[in-house]
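A look at the structure
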Amino acid sequence: MEYITINGGRRLQGSVDISGAKNAAVAIVPAAIAAKGICTIENLPAIKDVRVLVGALKNLGIDCEFTDTHTLKIDSHNIKSCAITYDQVKDMRASYYLLGALLGRFKQAQVPLPGGCNFGLRPIDLHIKGFEALGAKINIEHGMVIAEAEKLTGANIYLDISSVGATINIMIAAVYAEGVTHIENAAKEPHVVDTANFLNKLGAKIKGAGTDIIRITGVESLHGGEYSIIPDQIEAGTYMIAAAATGGDVTVNHIIPKHMDSLSAKLTEMGCQVIEDGDSIRVIGTEHLQACNVKTMFYPGFPTDLHPQMSALLSVAHGTSLLTETVFEHRFQYVKELLRLGANMKVEGRVAIIEGKSSLSGTQVTASDLRAGAALIVAGLAADGTTAIGNVKYLDRGYERFEEKLTALGANINRIQVDD
Ligand code: UD1
């Protein structure tokens, strides 16, 4: 069993370079299947979810070659199959993008119903409705989504919920649909825009990504090209929150500060100094963190993927905070672990009521999902004594060199192996 141990109570100081965005990478790597030429994708984060996807592509016969740690060449000339097996992708949710990519270009796909972080039911009904609207026949048999189509035809698709996954998946498939597709009530998250920019670089005709309505005019062929992935909004936010939780002074580099506005506003409200400078943000913490209320929303609202980390921060602020989750009903699984670290909070429905304390005290805890794990890291950094976090496999899915980057900021953090 692997654990991450933290001897907490140290102020984080210095600067940290943010990696490419996980949620953009896991869309763009499958989307590259749509290209008939070679794609070179730069600024890929070195994380497990990317490695798993690359493994799945290779199993289809697609040539994937890392030319360095963060640069991947994808050439789908020699693809032999459009069927993904469960074992290849069982631990990740974003495998659903293989459906849109394979269906769009080859008019057939077999992809397992997704796994991944378990913080809600997370159905993919909206993805399926979208593919059906484009003319695909979808069957779910033995846990596999089987999609096929003679051809795809543009359609007007209204999403009941502004789902990130459904927006991106339908957009990827619609690139090869005849005529025009409109996705209404589309998600506006930065990785939706990044995936659209990538596809447009290959010759797609996508307009309106980042607004409520995305218009895709089908094309006959996409060529290859080079593309660099945007920085990770959630990784950047995690370090900003960790800086605040330790009363530190941290500059996060290589980011898009605009993506951080909802978090920057909350940290400022709590008494931190948040200073933007070009593609960096410096967070200077305070000894007198003030409570504040937070509600997760679709972009540009406060991201649900920063909810657990923010909760850890609010647990060491002065006063009572309300944190409302509107996206995923089971996001609160981390709460029982924060309680073990001495936090004072309770959950009523979709609201966490957090009574801030001056300090937490380290103990052994377990991550229940990726961002829950990140919250425990933040809490462990702020806590007195030693915190040992189990289930670190979740953190490896989404944070590149987490311990190394935190060590460079002055954290006392290690990964240890313990016999079961
Ligand atoms: C993506 C992100 C995830 C983030 C989430 C919300 C990736 C790989 N993952 O997940 O990190 O937490 O956006 O920003 O990018 N829903 C349905 N039916 C569907 C699809 C979604 O009911 O077909 C619901 C979900 O249960 C949820 C809401 O819509 O309540 C939003 O989910 P969605 O935006 O699709 O999240 P994911 O794409 O799963």
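Just above, that's the structure.
Read on for a plain summary of the structure. This structure is a prediction, so every number in the text was calculated from the model and none was measured.

**Here's the deal with the site of the ligand**
Lining the immediate environment of the ligand, one finds 21 residues, of which Arg93, Tyr96, Ser163, Asp305 and Val327 sit closest. Take Arg93: an N or O atom from its side chain is 2.7 Å from an oxygen atom of the ligand. In this structure, Pro123 approaches the ligand through a main-chain N or O atom, which is 3.3 Å from an oxygen atom. In isolation the ligand offers 730 Å² of accessible surface; the protein chains occlude 91% of this area.

**A few points about the pattern of salt bridges**
Applying the stated criterion across every chain yields a total of 16 salt bridges. When the shortest N-O distance is used, the salt bridge between Asp49 and Lys22 registers 4.0 Å. Remark: Lys22 occurs in helix H1 (residues 22–31) and Asp49 occurs in helix H2 (residues 48–59); sequence separation between them is 27 residues. On the basis of relative accessibility, which here comes to 2%, the residue Asp49 falls in the buried class. We note a salt bridge from Arg415 to Glu403, for which the minimum N-O separation is 2.7 Å. In this pair, Arg415 sits in strand S23 (residues 412–417) while Glu403 sits in helix H14 (residues 402–408), placing the two residues 12 residues apart along the sequence. Among the residues examined, Glu403 registers a relative accessible area of 15% and is labelled buried. Among the ionic contacts, a cluster of salt bridges with common partners joins Glu2, Asp396, Glu403 and Arg415.

Procedures and definitions
- For every chain, the first residue of the written sequence is number 1, and numbering continues from 1 along that sequence.
- Confidence filtering applies because this is a predicted model: local features only for residues at pLDDT of at least 70, side-chain atom pairs given and counted only at 80 or more, and all residues used for totals across whole chains, interfaces and linings.
- Side-chain metrics in this entry use all non-hydrogen atoms of the structure; hydrogen atoms and water are not considered.
- Residues are classed as near a molecule or strand on a simple rule: at least one heavy atom within 4 Å of it.
- N or O atoms closer than or at 3.5 Å make up a polar contact, with two conditions inside protein: a donor-capable atom paired with an acceptor-capable one, and, for residues adjacent in sequence, both atoms drawn from side chains.
- Using a 1.4 Å probe, accessible areas were evaluated by the Shrake-Rupley method; residue-level cover was limited to the displayed protein chains.
- Here a salt bridge means any side-chain nitrogen of Lys or Arg lying within 4 Å of a carboxyl oxygen belonging to Asp or Glu.
- Each helix is a run of DSSP H or I of at least 4 residues and each strand a run of E of at least 2, with the numbering of both proceeding from the N terminus.
- We call a residue buried when its accessible area falls under 20% of the maximum for its residue type, exposed when it is over 50%, and partly exposed in between, using a 1.4 Å probe and counting protein chains only.

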